[in-house]
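A look at the structure
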Amino acid sequence: MRVRPTGEWRNRSLGGLALTAALLLPDTAAAQVQSQVQGQFPGQGLGPSQTQRSQAPSFGTTTQADPLADATSGDTPPLRPTRDGAVDTGAGLPASGDTPSGESGAGLPSPTRASTAFRASSGPNNRALGPILRRRAAPARRFGTATTRVTRQITQSSPTDLRLTPVVRTAVVGVPLPTLLPLAGIQTPGFLFGGSLRQPLAVDQAYAPLGIKLGTFTFLPSFQQSIGYDTNPEQITRLAAKPSVALRTEADLTFRSDWSASELSGELRGAYLDYPDNQAASRPNGLGATRLRIDANRDTRIDVEGRFLIDTQRTGTPDLNVGSATRPLVMSYGTTVGVTEVFNRLQLSLRGLLDRSQFEDARLGDGTVITQSDRNLNQYGLQLRAGYEVSPSLTPFVDVLADTRVYDRRVDTSGTRRDSDGLTLSAGATIALTRFVSGEVSAGLQHRTYNDPTLRDLTAPVMNASLIWTASPLTTVRLNATAGVVETAVTGSGGVRTQAVTLEVQHDLLRNLSLIGGITYVASDYDRVNISERGFSATARLDYRFNRWLSLRGSYIYQQVESSIATASFTSNTWLLGLRVNP
């Protein structure tokens with residue numbers, strides 16, 4: 001292998017530069033480049049190939065100036081041909097006859113002159129590129145809106161600070177009705193009516209609360225104080241109703257973990273309604289749920305959930321049916337532990353459920369106590385679900401639930417043994433049709449068998465539905481529906497067939513102004529006794545957000561219950577106006 005000296009490689013490289021200039025540049029520029037190249041290394045000529053190319057005939061007698069150089073240069077005017085075929089060099093440049101010895105003129109050289117200029121030159125030793133070559137090498141400069149916009153995006157866009165990224169708040173409606181009510185075996189119209197329209201479905205990111213970052217958790221607390229008026233705070237018959245000013249204090253907390261794997265999240269809510277003109281109607285309510293997801297491996301997931309509900313009973317409800325009693329508390333809390341295994345498209349999950357319900361004793365105006373401890377119960381359940389992912393947007397499933405309800409007392413005050421066993425079969429699908437429709441819907445049958453021979457078996461349809469439809473970027477529709485069998489204390493009745501449907505629509509007039517409207521329908525039929533109830537609730541609400549942490553909320557609620565028992569029917573109207581703070 002032959003190793004060329006360094007000087008020879010340098011000579012060939014410089015010769016190649018001169019050849020490129022001869023091919024692409026006008027003759028004047030080529031001569032200048034050749035002069036500069038040979039001026040750096042005196043005594044070194046061009047190779048044979050470059051010399052032969054420089055002696056090639058010229059195609060024409062005039063040369064057109066470089067338009068880019070004309071547009072960008074302020075000191076080198078273009079070359080202009082004259083009438084006699086010569087080239088006008090323009091002001092400030094010497095004529096061809098006045099050029100210094102050994103330098104090419106500014107005019108168009110003849111073929112012989114061009115070959116002579118390429119063969120030898122005594123130009124000065126100048127290592128810098130000539131002005132024409134510099135202009136040739138410079139990229140084209142573009143001006144205009146497109147260039148300015150791209151430049152601003154690259155140079156003026158600040159990096160995103162994750163600490164200031166808004167946490168978009170998901171809709172929190174408390175414990176889902178299908179999860180809590182059919183399993184716990186209790187139900188109150190107040191909870192059903194209050195379960196809808198608890199807060200907007202969506203919040204614009206510009207007004208979404210940032211939350212409080214503590215370690216690996218993000219907390220979203222809020223506090224709301226409202227004042228208004230209620231025409232029937234006790235929810236009793238119209239003739240006995242006593243209106244009052246309403247003061248509602250509400251606080252809630254939403255949190256979630258920021259772990260790379262697994263997740264812990266929850267929603268907790270509590271409120272107190274105070275009626276200064278009718279203290280007997282003042283009452284608390286609250287609900288919440290916490291969920292822990294453990295990703296054991298790629299195909300195995302462990303879920304743990306805890307939930308609770310606090311509400312009050314109407315004094316006119318058929319289970320109590322004493323118009324002058326105070327509103328006793330009803331509480332339910334429970335947990336679910338389950339594991340889900342994924343086999344390609346097949347998903348199998350097994351869950352164990354435990355729920356407890358407790359009822360507070362009712363007190364009459366004369367001090368008489370109505371004992372309800374015989375209604376306290378525990379419910380144990382085992383749920384198996386199998387789903388098959390047909391597509392990312394559709395997963396049908398089959399669900400089997402076996403449960404047993406055990407009361408604290410063997411018999412109630414009427415001498416009835418209310419322990420029972422149930423079996424529920426249902427089928428449905430999880431839907432995720434891009435951003436338009438998402439949620440879950442299922443339907444089936446439930447069969448309950450009671451230990452007391454005086455209570456016949458009860459079979460009823462069950463339904464669970466929770467769907468969100470994004471009708472447009474400004475309009476969102478939500479549908480919640482549930483149906484099942486709940487417990488009762490009415491003598492001779494084994495249970496209550498109950499259905500509840502809530503439809504809610506939100507429309508954003510502005511980024512910080514939302515209008516929300518919704519309706520709720522509840523139907524309850526007591527088995528083997530002639531008692532039925534139909535309830536209706538309508539709500540209208542306006543949310544105006546001043547900024548991320550402060551908003552104004554105004555609402556109107558209409559409730560109506562028609563019962564076959566005259567003392568259980570009522571109608572009420574409630575107006576509330578309050579401020580909501582999100583720290």
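Every value quoted in this text rests on a predicted model; they were computed, and no experiment measured them.

**Side note on the overall build of the protein chain**
A count of helices and strands for the protein chain gives 9 helices and 23 strands. Burial status across the protein chain gives 40% buried among its 583 residues. Approximately 30300 Å² of the protein chain is accessible, and the part contributed by carbon and sulfur atoms is 60%.

**Quick look at the nonpolar core**
Core analysis: the largest hydrophobic core is formed by 7 residues, namely Val486, Val490, Val496, Tyr526, Ile531, Ile565 and Ala568. The residues touching Ala568, leaving out its near neighbours within four places in the chain, are Arg314, Gly316, Pro318, Glu533, Val561 and Ser563.

**Quick notes on the packing of aromatic side chains**
A full pass over the atoms with the stated rule returns 5 aromatic pairs. Measuring from ring centre to ring centre gives 5.7 Å for Phe217 and Trp259, while their planes differ by 80°; the resulting arrangement is edge-to-face. Of this pair, Phe217 sits in strand β4 (residues 217–230) while Trp259 sits in the loop between β5 (244–257) and β6 (263–274), and the two are 42 residues apart along the sequence. Geometrically, the ring pair formed by Tyr544 and Phe546 is edge-to-face, given 5.1 Å between the ring centres and 80° between the ring planes. A relative accessible area of 42% means that Phe546 is categorised as partly exposed. Three or more aromatic residues joined by ring pairs make a cluster, and in this case those are Phe217, Phe219, Phe255 and Trp259. A cation over an aromatic ring shows up here: Arg375 above the ring of Phe359, its NZ or CZ 4.1 Å from the ring centre. The ring of Phe397 is capped by Arg385, whose NZ or CZ atom sits 3.9 Å from the centre of that ring.

**Remarks on the environment of Gly415**
Here Gly415 lies in the loop between β14 (394–407) and β15 (420–433). Owing to a relative accessible area of 45%, Gly415 belongs among the partly exposed residues under this scheme.

**Things to note about unusual backbone geometry**
You will see that Asn344, though not glycine, has its phi angle at about 55°, which is positive. Tracing the sequence through the fold places Asn344 in the loop between β9 (329–343) and β10 (346–359). A residue is classified by how much of its surface remains accessible, and Asn344, at 72% relative accessible area, is exposed.

**Quick look at a nonpolar patch on the surface**
A cluster of nonpolar residues, Ile294, Ile302, Val339, Leu350, Leu382, Leu384, Val398, Val400, Leu423 and Leu425, forms a patch on the protein surface that exposes about 780 Å² of accessible area. For the nonpolar patch, the secondary structure elements donating two or more residues are β13 (377–388), β14 and β15. Within the element layout of this structure, Ile302 appears in strand β8 (residues 300–312).

**Notes on the pairing of β15**
Note on strand geometry: in a regular strand, side chains alternate between the two faces of the sheet. Here β14 runs beside β15; their pairing, made up of 12 bridges, is antiparallel. Bridging from a neighbouring strand, Asp399 pairs with Ser426 of β15. Sheet topology places β15 next to strand β16 (residues 437–450); 14 bridges connect them, and they run antiparallel. Paired with Ser426 across the bridge in β16 is Gly444. If you look at the hairpin formed by β15 and β16, you'll find 3 residues sitting between the two strands, and Thr434 has a positive phi there, around 45°.

**Thoughts on the pattern of salt bridges**
By the definition in use, this model includes 27 salt bridges. The residue Glu263 makes a salt bridge to Arg293 at a minimum N-O spacing of 3.4 Å. Taken together, the residues Glu263 in strand β6 and Arg293 in strand β7 (residues 283–295) connect sequence positions 30 residues apart. By relative accessible area, Glu263 is classed as partly exposed at 27%. Look at Arg293 and you get partly exposed, because its relative accessible area is 27%. When the shortest N-O distance is used, the salt bridge between Arg298 and Asp299 registers 3.6 Å. It is possible to trace a salt-bridge network through shared partners that takes in Arg248, Glu250, Asp252, Arg269 and Arg580.

**So, the side chain of Asp319**
Note on placement: Asp319 falls in the loop between β8 and β9. Summary of buried charges: Asp319 has no salt-bridge partner, and the nearest side chain of opposite charge, Arg375, is 4.1 Å away. A polar side-chain atom of Asp319 sits 2.9 Å from the main-chain amide nitrogen of Ala489. The contact partners of Asp319, leaving out residues within four places of it in the chain, are Arg375, Thr488, Ala489, Val490 and Tyr526.

**As for the pairing of strand β22 (residues 550–563)**
The sheet contact formed by strand β21 (residues 532–545) and β22 spans 13 bridges and is antiparallel. Looking at the pairing, Arg541 lines up with Ser555 of β22. Linking β21 to β22, which pair antiparallel, is a turn of 4 residues. Where β22 meets strand β23 (residues 570–581), 12 bridges bridge the pair, whose relative direction is antiparallel. Within the sheet, the bridge partner assigned to Tyr558 lies in β23 and is Asn573. Joining the antiparallel neighbours β22 and β23 is a turn of 6 residues.

**Some remarks on the side chain of Gln559**
Looking at where Gln559 falls in the secondary structure, it is placed in strand β22. Classification of Gln559 by relative accessible area gives buried; the value is 11%. Within the local environment of Gln559, its side chain forms a polar contact with the side chain of Gln235, the two groups lying 3.3 Å apart.

**Observations regarding the confidence of the model for the protein chain**
Of the residues in the protein chain, 65% have a pLDDT of 70 or more, and the chain-wide mean is 75. Within the protein chain, the element-level pLDDT minimum falls on helix α8 (residues 177–184), averaging 35, and the maximum on β4, averaging 96. Of the regions scoring below 50 in pLDDT, residues 142–184 engages in 86 contacts with residues more than four places distant in sequence or in other chains.

Quick notes on the rules
Residues numbered from 1 in each chain as written. Predicted model: local features only at pLDDT ≥ 70, side-chain atom pairs only at ≥ 80, totals over all residues. Heavy atoms only, no water. Helix = DSSP H or I, 4+ residues; strand = E, 2+ residues; numbered from the N terminus. Buried < 20%, exposed > 50% of the residue type's maximum accessible area, 1.4 Å probe, protein only. Areas by Shrake-Rupley, 256 points an atom, 1.4 Å probe, with all protein chains shown as cover. Core = buried A, V, L, I, M, F, W, Y, C linked by side-chain atoms within 4.5 Å. Contact = heavy atoms within 4.5 Å. Phe/Tyr/Trp six-rings, centres within 6.5 Å; stacked < 30°, edge-to-face > 60°. Lys NZ or Arg CZ within 6 Å of the ring centre and 35° of its normal. Patch = residues over 30% accessible without salt bridge, like charges linked within 9 Å, V, L, I, M, F, W, Y side chains within 5 Å. Salt bridge = Lys/Arg side-chain N within 4 Å of Asp/Glu carboxyl O. Pairing = 2+ DSSP bridges. Lys, Arg positive; Asp, Glu negative; His and termini not counted. Polar contact = N/O pair within 3.5 Å; in protein donor to acceptor, adjacent residues only side chain to side chain. pLDDT = per-residue confidence, 0-100.

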